[in-house]
Amino acid sequence: MKNGVLIQYFEWNLPNDGLLWRQLKEDAKHLSEIGISAVWIPPAYKADEQQDEGYATYDLYDFGEFDQKGTVRTKYGTRGELEEAIKALHDVGINVYLDAVLNHKAGGDYAEKFKAVPINEEDRNRTLGEPMEIQAMTGYNFEGRGDTYSDFKWHWYHFSGTDYDSVADRHDIFRIIGPGKGWSQGVDKEKGNYDYLLANDIDLDNPEVVAELNRWGRWAASEFGFDGYRMDAIKHMDRNFTSQFVDEVRKERGEDFFFVAEYWNGDMDSLMEFSEAIGNKISLFDVPLHYNFFAASQQGKDYDLSCLLENTLLSRDSRLSVTFVDNHDSQPDSSLESNVADWFKPMAYGLILLMREGYPAIFYGDYYSMKREGSPHRLILDELLVARQKYAYGDQDLYFDHPSTVGLVRHGDADHAGSGLVFLMSNDEDGSKEMSLGPLRAGETWHEITGSIPEEIVLDENGTAVFTVKGRNLAVWVKKE
Ligand code: CA
């Protein structure tokens with residue numbers, strides 16, 4: 001079986017040139033050659049303005065097809081160009097996962113008046129006064145699209161919160177009042193109740209809304225042939241909705257339709273509570289592992305690397321873990337900025353790409369460019385991607401037994417001739433570790449393939465050797481061909 005790798009094919013500061021889908025199409029063959037098995041594409045439907053990254057979602061059915069919000073194309077291109085990119089990826093065996101933003105909508109078409117109550121920002125269960133009539137942009141009629149694909153029109157009662165009252169010119173979080181309305185209970189407990197994130201918060205307890213979003217989920221998956229969804233802002237959405245949405249889409253597209261949830265919380269208990277509540281049926285980004293990488297990169301040699309995998313999805317239930325180093329939210333100047341420092345990135349990527357557990361994701365910003373500056377990590381990523389495809393197979397022994405030098409052994413398997421590897425990383429001085437491949441490997445000559453150590457090593461009669469790594473670096477040792 002092939003070792004899968006996901007690539008997040010965008011970063012926060014891409015130019016608004018409408019060229020991403022065309023670039024992706026041209027890049028499909030190369031992505032296949034470096035071992036990419038799936039591409040996560042950004043929200044591909046119309047946002048409140050052309051330059052938006054897609055998370056200020058306006059119309060889920062407009063993938064750059066209709067003249068709405070002053071533009072036909074999105075930041076990334078037109079629907080036709082997207083379809084060409086998807087076809088090119090499918091032609092080389094790469095899956096496509098769409099970023100699904102179902103928590104909120106922005107860019108309403110017209111104002112509506114309704115009752116709402118202002119809410120304390122830090123404790124969402126506390127009101128800041130009495131219910132009042134407010135006016136906000138909660139009406140959506142999608143004039144450019146009309147009833148194509150869906151005749152559903154959104155109104156204030158399909159939302160549970162908003163952030164601006166144009167009567168009083170007041171910016172605040174407002175909880176919308178009406179029969180059966182209120183914050184969803186199946187959301188993260190941060191701030192008391194973290195249902196509300198931004199813009200017009202979708203009321204996922206409203207049966208009309210649930211039916212419409214399910215319809216969209218089935219429609220988009222089939223219309224474009226998507227192979228999975230990356231679920232945005234999941235901790236702000238009712239988990240009962242998420243659970244049944246997954247079931248609905250899989251009923252339409254099959255049980256192997258892939259889901260990965262962005263549940264942005266470094267606390268393992270919160271992640272597992274969510275995962276267990278929905279029956280552990282979708283993957284999650286390993287946010288706690290990202291925070292461990294971030295802490296290790298900040299603390300330098302003071303970080304105890306033997307703890308690097310502790311309190312992560314990888315160690316709790318690795319089948320659920322989509323491992324990553326950084327993404328569009330953690331990159332510099334983004335909302336959840338916690339960028340892993342450059343010196344540590346090769347080590348972090350080495351670990352997630354070579355270890356047995358987890359479904360690794362690489363970030364556009366780390367492979368190609370961020371803010372149009374070429375990434376310094378592409379060369380090592382190319383080497384690690386090759387190593388993942390050639391050597392990262394078979395049983396694994398972890399050597400997380402030292403504060404500054406840790407690593408692992410992959411023993412290889414019969415399906416991949418010459419496979420097996422030794423991975424080491426150090427956050428201090430040059431390090432070494434006695435590691436064993438077993439007596440069947442006695443006498444083999446091994447060498448380091450990232451170019452950091454020129455000397456070769458011969459395994460002794462037990463298949464053991466003292467493998468070395470340079471300070472603040474990684475080493476990948478394999479059998480010399
Ligand atoms: Ca919400």
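To be clear, the structure that these remarks concern was listed above.
For the structure given in this document, a descriptive report is provided here. (Residues numbered from 1 in each chain as written. Predicted model: local features only at pLDDT ≥ 70, side-chain atom pairs only at ≥ 80, totals over all residues. Heavy atoms only, no water.)

Brief notes about the sheet that holds strand 7 (residues 110-119)
Okay, step 1: Ordered in space as 6-11-9-10-7-8, the 6 strands form an open sheet in which the pairing is antiparallel. On the outer flanks of this sheet lie strand 6 (104-105) and strand 8 (132-139), each paired with one strand and no other.
Okay, step 2: Taken together, the 2 bridges between strand 6 and strand 11 (residues 200-202) define a ladder with antiparallel strand orientation. Within strand 11, the residue paired with His-104 across the bridge is Asp-201. (Pairing = 2+ DSSP bridges. Helix = DSSP H or I, 4+ residues; strand = E, 2+ residues; numbered from the N terminus.)

Some remarks on the coordination of the calcium ion
Okay, step 1: Around the calcium ion, the donor atoms from the protein are Asn-103 (OD1), Asp-195 (O), Asp-195 (OD), Asp-201 (OD), Asp-201 (OD) and His-236 (O), and they sit 2.2 to 2.9 Å away.
Okay, step 2: Bound by 6 donor atoms, the calcium ion shows angles of 48 to 165 degrees at the metal and therefore irregular coordination geometry.
Okay, step 3: Mapped onto the sequence, the donors of the calcium ion take the spacing N-x91-D-x5-D-x34-H. Taken together, the residues Asp-195 in the loop between strand 10 (170-176) and strand 11 and His-236 in the loop between strand 12 (228-231) and helix 4 (239-253) connect sequence positions 41 residues apart.
Okay, step 4: On the accessibility criterion, His-236 (5% relative accessible area) is buried. (Donors = N, O, S within 2.8 Å, 3.2 Å for Na, K, Ca; no water. Tetrahedral: all angles 85-135°; square planar, octahedral: opposite > 155°, others 65-115°. Buried < 20%, exposed > 50% of the residue type's maximum accessible area, 1.4 Å probe, protein only.)

Focus: empty space enclosed by the protein
Okay, step 1: With the rule as written, the count across this model stands at 3 cavities of 30 Å³ or more.
Okay, step 2: Of the volumes computed, that of the largest cavity is approximately 60 Å³.
Okay, step 3: Every residue lining the largest cavity is listed: Asp-59, Leu-60, Tyr-61, Lys-105, Phe-142, Arg-145, Ser-150, Phe-152, Trp-154, Glu-212, Leu-213 and Trp-216.
Okay, step 4: Per-element tally for the lining of the largest cavity: the top contributor is helix 3 (residues 207-224), with 3 residues.
Okay, step 5: For the lining of the largest cavity, the class distribution of residues is 7 nonpolar, 1 polar and 4 charged. (1 Å grid on protein atoms, 1.4 Å probe; cavity = no way out; pocket = protein on both sides within 12 Å on 5 of 7 lines; lining within 4 Å. Points joined across faces, edges and corners; volume = space filled by probe spheres on them. Nonpolar A, V, L, I, M, F, W, Y, C, P; charged D, E, K, R; others polar.)

A look at the sheet that holds strand 26 (residues 473-479)
Okay, step 1: Taking strand neighbours across the sheet as the criterion, the 6 strands line up as 19-20-21-26-23-24 in an open arrangement whose pairing is antiparallel. The sheet is open, and its two edges are formed by strand 19 (396-399) and strand 24 (457-458), each paired on a single side.
Okay, step 2: When strand 23 (residues 445-448) meets strand 24, the two strands line up antiparallel, connected through 2 bridges. The residue bridging Thr-445 from the neighbouring strand is Val-458, located in strand 24.
Okay, step 3: Here helix 8 (residues 345-354) sits on the sheet in contact with strand 20 (405-410), strand 21 (421-426) and strand 26, set at roughly 150 degrees to strand 21. (Contact = heavy atoms within 4.5 Å. Axes fitted to C-alpha atoms, helices over the stretch in contact; angles between N-to-C directions.)

Some details on a negative patch on the surface
Okay, step 1: Taken together, the side chains of Asp-395, Asp-397, Asp-413 and Asp-415 make up a negatively charged region of the molecular surface.
Okay, step 2: You can see Asp-397 is positioned in strand 19.
Okay, step 3: Under the relative-accessibility criterion, Asp-397 is labelled partly exposed at 31%. (Patch = residues over 30% accessible without salt bridge, like charges linked within 9 Å, V, L, I, M, F, W, Y side chains within 5 Å. Areas by Shrake-Rupley, 256 points an atom, 1.4 Å probe, with all protein chains shown as cover. Salt bridge = Lys/Arg side-chain N within 4 Å of Asp/Glu carboxyl O. Lys, Arg positive; Asp, Glu negative; His and termini not counted. Charge placed at Lys NZ, Arg CZ, Asp CG, Glu CD.)

Things to note about unusual backbone geometry
Okay, step 1: With a phi close to 50 degrees, Asn-280 is a non-glycine residue in the positive phi region.
Okay, step 2: Looking at where Asn-280 falls in the secondary structure, it is placed in the loop between helix 5 (268-277) and strand 14 (283-285).
Okay, step 3: Backbone geometry places Asn-311, a non-glycine residue, at a positive phi of 55 degrees.
Okay, step 4: Among the secondary structure elements, Asn-311 is positioned in the loop between helix 6 (287-299) and helix 7 (313-317).

Comments concerning the side chain of His-328
Okay, step 1: Considering the arrangement of structural elements, one finds His-328 in the loop between strand 15 (321-322) and helix 8.
Okay, step 2: Within the structure, His-328 has its side chain in polar contact with the side chain of Tyr-55 (distance 3.2 Å).
Okay, step 3: Discounting residues that sit within four places of it in the chain, His-328 has contacts with Gln-8, Phe-10, Trp-12, Trp-40, Tyr-55, Arg-230, Ser-334 and Phe-363. (Polar contact = N/O pair within 3.5 Å; in protein donor to acceptor, adjacent residues only side chain to side chain.)

Some points on the pairing of strand 19
Each regular strand displays side chains that alternate between the two surfaces of the sheet.
Okay, step 1: As paired strands, strand 19 and strand 20 are joined by 4 bridges and run antiparallel to one another. By the bridge assignment, Asp-397 is partnered in strand 20 with Val-409.
Okay, step 2: The turn linking strand 19 back onto strand 20 is made up of 5 residues.

Comments concerning helix 10 (residues 378-390)
Okay, step 1: Taking 1.5 Å as the rise per residue, helix 10 with 13 residues should run 18 Å; its terminal C-alpha atoms sit 18 Å apart, in good agreement.
Okay, step 2: If you check which residues of helix 10 are buried, you get Ile-380, Leu-381, Leu-384, Leu-385, Ala-387 and Arg-388. When helix 10 is viewed along its axis, its buried side chains cluster within an angular range of 160 degrees and face the same direction.
Okay, step 3: Lining the buried residues of helix 10 we find helix 8, strand 16 (361-363), helix 9 (364-367) and strand 26. (Expected span 1.5 Å × (residues − 1). Arc of directions from axis to C-beta.)

Considerations on the layout of surface pockets
Okay, step 1: Roughly 490 Å³ of internal volume is contained in the second largest pocket.
Okay, step 2: Along the wall of the second largest pocket there are 23 residues; nearest its centre are Leu-197, Leu-198, Asp-329, Ser-335 and Leu-336.

Some words on the pattern of salt bridges
Okay, step 1: What the rule picks out here adds up to 39 salt bridges.
Okay, step 2: Measuring nitrogen to oxygen at the nearest pair gives 2.6 Å for the salt bridge that ties Lys-433 to Asp-401. Here Lys-433, found in strand 22 (residues 431-436), pairs with Asp-401, found in the loop between strand 19 and strand 20; they are 32 residues apart in sequence, far enough to count as distant.
Okay, step 3: Taken together, the salt bridges that share partners define one network made up of Glu-65, Arg-79, Glu-83 and Glu-223.

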